[in-house]
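Close look at the chain arrangement
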Amino acid sequence: MTSYKFRIYPTKDQSTKIDETFRSVKFIWNKNVEIFNSYKKGEKLNYKTVTILRQEFEFLKNCSAGALQQMERNFQEALKQFFNKKRKKKLGRPQFKKDQSSYQLPNKKYDIRVNKIWLEKIGLVDIEIDRTIPVNSKYCNCTVSKSKSGKYFVSIAFSTDEQNFEKTNKAVGIDLGLKTLVVASNGKEFETKKYLRKSQKRLKKLSKHLSRKVKGSNRYNKNRIKLAKTHEKVSNQRKYNNHLISHELTRDFDFISIENLNISGLLKNRKLSKSISDAGWSQLISFLEYKCKNRGKTLQKIDRFFPSSKMCRFCGKINQDLSLSDREWQCECGHLHDRDLSAAINILLEGLRIFYRLENIQSLSDMEQKSDKGVQLDLCLVENLCTSYEVSTNHLIKV
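Residues numbered from 1 in each chain as written. Predicted model: local features only at pLDDT ≥ 70, side-chain atom pairs only at ≥ 80, totals over all residues. Heavy atoms only, no water.

**Considerations on the overall build of the protein**
Helix and strand content of the protein: 13 helices and 14 strands. In the protein, buried positions account for 40% of the 399 residues. Considering only contacts within the protein whose residues lie at least 6 apart along the sequence, 67% involve residues at least 24 apart. Summed over its atoms, the accessible surface of the protein is roughly 23800 Å², and 48% of this surface lies on carbon and sulfur atoms. (Helix = DSSP H or I, 4+ residues; strand = E, 2+ residues; numbered from the N terminus. Buried < 20%, exposed > 50% of the residue type's maximum accessible area, 1.4 Å probe, protein only. Contact = heavy atoms within 4.5 Å. Areas by Shrake-Rupley, 256 points an atom, 1.4 Å probe, with all protein chains shown as cover.)

**Details of the packing of aromatic side chains**
Per the counting criterion, the structure on display carries 14 aromatic pairs. Ring geometry for tyrosine 4 and phenylalanine 158: centres 5.0 Å apart, planes at 80°, overall edge-to-face. Taken together, the positions of tyrosine 4 in strand 1 (residues 2-9) and phenylalanine 158 in strand 7 (residues 152-159) put the pair 154 residues apart, joining distant regions of the chain. Lying over the aromatic face of phenylalanine 153, lysine 5 brings its terminal NZ or CZ to 4.8 Å of the ring centre. If you follow lysine 97 out to its NZ or CZ, it ends over the ring of tryptophan 29, 4.6 Å from the centre. (Phe/Tyr/Trp six-rings, centres within 6.5 Å; stacked < 30°, edge-to-face > 60°. Lys NZ or Arg CZ within 6 Å of the ring centre and 35° of its normal.)

**Details of the packing of helix 6 (residues 218-252) against helix 9 (residues 281-294)**
Two numbers describe how helix 6 lies on helix 9: the axes approach to 9 Å, and their chain directions differ by 40°. Looking at the two axes, helix 6 sits oblique to helix 9. The chirality of how helix 6 crosses helix 9 is right-handed. Residue-level inspection shows Arg238, Lys239, Asn242, His243, Ile245, Ser246, His247, Leu249 and Thr250 of helix 6 in contact with helix 9, the latter providing Gln283, Leu284, Phe287, Leu288, Tyr290, Lys291 and Cys292. Looking at the contact of helix 6 with helix 9 residue by residue, the classes come out as seven nonpolar, six polar and three charged. (Axes fitted to C-alpha atoms, helices over the stretch in contact; angles between N-to-C directions. Parallel < 35°, antiparallel > 145°, perpendicular 65-115°, else oblique. Left-handed = near helix turned anticlockwise from the far one by under 90°. Nonpolar A, V, L, I, M, F, W, Y, C, P; charged D, E, K, R; others polar.)

**Focus: the sheet that holds strand 1**
Taken in spatial order, the seven strands of this open sheet run 2-6-7-1-5-4-3, and their pairing is antiparallel. Two strands lie at the open edges of the sheet, namely strand 2 (102-105) and strand 3 (110-113), each paired on one side alone. Taking the axes of each pair of neighbouring strands and ignoring which way they run, one obtains an average angle of 30° across the sheet. Examined bridge by bridge, strand 4 (residues 116-119) and strand 5 (residues 123-128) share four bridges and lie antiparallel to one another. Considered in strand 5, the bridge of leucine 119 is made with glycine 123. Its contacts with the sheet place helix 1 (residues 12-37) against strand 2, strand 5, strand 6 (138-146) and strand 7, and it is angled at close to 90° to strand 2. (Pairing = 2+ DSSP bridges.)

**Overview of a positive patch on the surface**
Together, Arg202, Lys205, Arg219, Lys222, Lys226 and Lys233 make up a positively charged patch on the protein surface. Elements represented by at least two residues in the positive patch include exactly helix 5 (200-211) and helix 6. When residues of the positive patch are assigned to their parent elements, the largest contribution, four residues, is made by helix 6. Topologically, lysine 226 is positioned in helix 6. (Patch = residues over 30% accessible without salt bridge, like charges linked within 9 Å, V, L, I, M, F, W, Y side chains within 5 Å. Salt bridge = Lys/Arg side-chain N within 4 Å of Asp/Glu carboxyl O. Lys, Arg positive; Asp, Glu negative; His and termini not counted. Charge placed at Lys NZ, Arg CZ, Asp CG, Glu CD.)

Set out below in structure tokens:
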């Protein structure tokens, strides 16, 4: 399943109808949550369907029935997950929606016509199609949304035959950082752009102006949109940069090894939280995950507690005295290590060890036995890897 997001340009009347649909789908959800809150254990839960609610409330008839029914199905799914006892992590109770800026339409409730899109109860809306949807694709649902800055978008989901990239027979390990966003094991670096830091002065100025306006006034709304557009620009810049990095990595390498970082825990560090958020680690990892899946590549995550920066890749010794400010360090065996590059190489080696299950293996010839367990081991890839970094295969067992 793939989805493309396009911007749409509704007229004033059409934007009013879209906003009305947002409020209507929120009403459907909140009405059923109200019924659910009065539910007592042992009783039968009788929530109200869209058909019943449209008979009681006339304004719901002005909106797309498909959008209302989709919200009803979402509520049913939320109840199903809430009462699922087999689920390891139980979901909380359905909550009231205070703000709703999107709704979904099933397949037959919309249609793309050259440079326009037909939406049920809205009509033909101008659309800017900047990406071509494959010809043999099967269309699924679409999502109409509105950003904080007042722009309207439609996200079209479709299923198509996956087009895998050509095999490159190359592997890479990447180390995520703040000074340098990505350091690859082949020595290539991707800089941290610091988009939020660069826009900090403008954001501060606009926030100060907004705080001085009367809430709900025309000037308040104008300044709110200015602030939202600045935040949106920072977000789009970061997203574009992460798309470029993830595209290049998944295009050039068949095997990518990364650390399974606890990013939500790292954000609790008050000194580094803004820099971590500005770097966009979580977004970059999610881009790598879905692109590797769609392009037939392998993304291997290693343990977050693996000492990638502190370990010498030649002798396997761990430097316990290494601090965050140390960018280079020398091992007792005599080798000088660049902190980030050495970490990326160790992440790659550890990722290969986990992926190929290299426990109790003493040589490359022993790796061939792993193919009996359903693991297709690329000996050429491992041999090239070991010789390029002057690392013996025994090092793969030591880590």
